[in-house]
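# Secondary and tertiary structure notes
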Amino acid sequence: MIKKRKVEVLYLAVTADDLELPIGVFDTIKEIAKYAHCSYRYAKTMVHRQSIYKKLKCKFIRVEIGGFGKNEKN
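Now for a description of the structure that goes with this document. All figures in this text were calculated on a predicted structure; none of them were measured in a lab.

Rules behind the numbers
Within every chain, residues take consecutive numbers counted from 1 along the sequence as written. Local features in a predicted model are, by the rule used here, given only for residues with pLDDT of at least 70; side-chain atom pairs are given and counted only at 80 or more, and totals for whole chains, interfaces and linings are based on all residues. Computation of side-chain values covers all heavy atoms of the structure but excludes hydrogens and water. Runs of E in the DSSP output that reach at least two residues are strands. Runs of H or I that reach at least four are helices, and both are numbered from the N terminus. Relative accessibility decides the category of a residue: with a 1.4 Å probe and only protein chains considered, values under 20% of the type maximum give buried, values over 50% give exposed, and everything between is partly exposed. Throughout, a contact is declared for two residues whenever any of their heavy atoms are within 4.5 Å. Accessible surface area values rest on a Shrake-Rupley calculation with a 1.4 Å probe, where residue burial reflects the displayed protein chains alone. Residues enter patches when they are more than 30% accessible in relative terms and free of salt bridges; like-charged ones are connected within 9 Å and nonpolar ones (Val, Leu, Ile, Met, Phe, Trp, Tyr) within 5 Å. Salt bridge, as used here, is a side-chain nitrogen of Lys or Arg placed within 4 Å of a carboxyl oxygen of Asp or Glu. Only strands that DSSP links by at least two bridges are regarded as paired with each other. Throughout this description, the term nonpolar core refers to a set of buried Ala, Val, Leu, Ile, Met, Phe, Trp, Tyr and Cys residues connected via side-chain atoms within 4.5 Å.

### Regarding the overall build of the protein chain
Broken down by element type, the protein chain carries 2 helices and 4 strands. In sequence order, the protein chain lays out its α and β elements as β-β-α-α-β-β. Burial analysis of the protein chain (74 residues in total) assigns 30% to the buried set. Considering only residue pairs separated by 6 or more positions, the protein chain has 45% of its internal contacts joining residues 24 or more positions apart. Carbon and sulfur atoms make up 53% of the accessible area of the protein chain, which amounts to about 6200 Å² in all.

Written out as structure tokens, the structure is:
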């Protein structure tokens, strides 16, 4: 029997430089849109492309957390 991976997704606002220091953490793209004062569609595009949002001088990235670890059984 195959178990499905449980993956939690978080979205991060990070600085637009090489260090990519975290600015904010979001659970949904709607929260990013509210933070950036833009539409849901535009926020989704920024996350997908990891493009720099010039107004806030940051970019948004998607981070997957979870799955099978060393201590978890398949």
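Don't stop here, the text continues.
### Brief notes about a nonpolar patch on the surface
On the surface, Ile23, Tyr35 and Leu56 cluster together into a nonpolar patch covering about 240 Å² of accessible area. With respect to the secondary-structure elements, Leu56 resides in the loop between strand 3 (52-53) and strand 4 (58-66). A relative accessible area of 33% places Leu56 in the partly exposed class.

### A closer look at unusual backbone geometry
Phi angles above zero are rare outside glycine, and His37 is one such case at about 55°. Checked against the element boundaries, His37 lands in the loop between helix 1 (29-36) and helix 2 (40-49). Even without a glycine there, the phi angle at Lys57 is positive, about 55°. Given the relative accessible area of 64%, Lys57 is considered exposed.

### Some remarks on the pairing of strand 4
Where strand 1 (residues 7-15) and strand 4 come together, 9 bridges link them in antiparallel fashion. The partner of Val9 across the bridge, within strand 4, is Glu64. Two elements, strand 3 and strand 4, share 2 bridges in a ladder whose sense is antiparallel. Residue pairing for strand 4: Tyr53 is matched across the bridge by Cys58.

### A few points about the pairing of strand 1
Note: strand 1 against strand 2 (residues 22-26), 4 bridges, orientation antiparallel. Counterpart to Ala13 in the pairing with strand 2 is Gly24. Remark: 6 residues form the turn of the hairpin made by strand 1 and strand 2, two consecutive strands paired antiparallel; Glu20 in that turn has positive phi of roughly 50°.

### Side note on the nonpolar core
In terms of nonpolar packing, the biggest core is built from 14 residues, with Tyr11, Phe26, Ile32, Cys38, Ala43, Tyr53 and Phe60 touching the most fellow members. Among the elements of the structure, strand 1, helix 1, helix 2 and strand 4 are those that each provide at least two residues to this core. Looking at which element gives the most residues to this core, the answer is helix 1, with 4 residues.

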